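In case you want the letters, here they are:
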Amino acid sequence: MDRLEAFETMLADLQRQDRQEKQEMERLKAAGREKSATYRQYFANRMICSQMLALYRKYGLLD
């Protein structure tokens, strides 16, 4: 796997993780579990993902 292919794979995984965690957070919120440790962990993970995706956008690597 070359560098570009590795980057594309990592980016796709990061975007997929971000979508999945958002859906899970919505499910937990609908169940009234916003204060659970699981919800808070997803929240922290999504903040990290969002920050990484913002950097990719800043450098023109993501639309």
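Up top you'll find the structure we're talking about.
Summarised in this report is the structure supplied together with it. Treat the numbers as computed from the prediction; the structure is a model and nothing was measured.

**Let's talk about the overall build of the protein**
Secondary structure summary: the protein contains 2 helices and 0 strands in total. A compact globule built from 63 residues should have a C-alpha radius of gyration of about 11 Å, whereas the protein, at 14 Å, is more than 25% larger. In terms of overall dimensions, the protein has C-alpha extents of about 45 × 25 × 15 Å along its principal axes. Across the 63 residues that make up the protein, the buried fraction comes to 21%. Counting only contacts in the protein whose residues sit at least 6 apart along the sequence, the fraction spanning at least 24 positions is 56%. A total accessible area of about 5000 Å² is found for the protein, and carbon and sulfur atoms account for 52% of it.

**Some details on the pattern of salt bridges**
If you walk through the whole model with that rule in mind, you get 3 salt bridges. The residue R16 makes a salt bridge to D13 at a minimum N-O spacing of 2.4 Å. Taken together, the positions of R16 and D13, both in helix α1 (residues 3-30) and 3 residues apart, correspond to about one turn of that helix. Residue R16 is classed as partly exposed on the basis of its relative accessible area, which comes to 37%. Judged by its relative accessible area of 35%, D13 falls in the partly exposed class. Between D18 and R46 there is a salt bridge, with its nearest N and O atoms 3.1 Å apart. Residue D18 is found in helix α1, and its partner R46 is found in helix α2 (residues 37-58); the two are separated by 28 residues along the sequence.

**Let's talk about α2**
The end-to-end C-alpha distance of α2 is 32 Å, a good match for the 32 Å that 22 residues give at a rise of 1.5 Å each. Of the surrounding elements, those touching the buried residues of α2 are α1. Looking one or two places after α2, you find G60, whose phi comes out positive at around 75 degrees.

The rules we used
Residues numbered from 1 in each chain as written. Predicted model: local features only at pLDDT ≥ 70, side-chain atom pairs only at ≥ 80, totals over all residues. Heavy atoms only, no water. Helix = DSSP H or I, 4+ residues; strand = E, 2+ residues; numbered from the N terminus. Rg over C-alpha atoms; globule rule 2.2 N^0.38 Å. Buried < 20%, exposed > 50% of the residue type's maximum accessible area, 1.4 Å probe, protein only. Contact = heavy atoms within 4.5 Å. Areas by Shrake-Rupley, 256 points an atom, 1.4 Å probe, with all protein chains shown as cover. Salt bridge = Lys/Arg side-chain N within 4 Å of Asp/Glu carboxyl O. Expected span 1.5 Å × (residues − 1).

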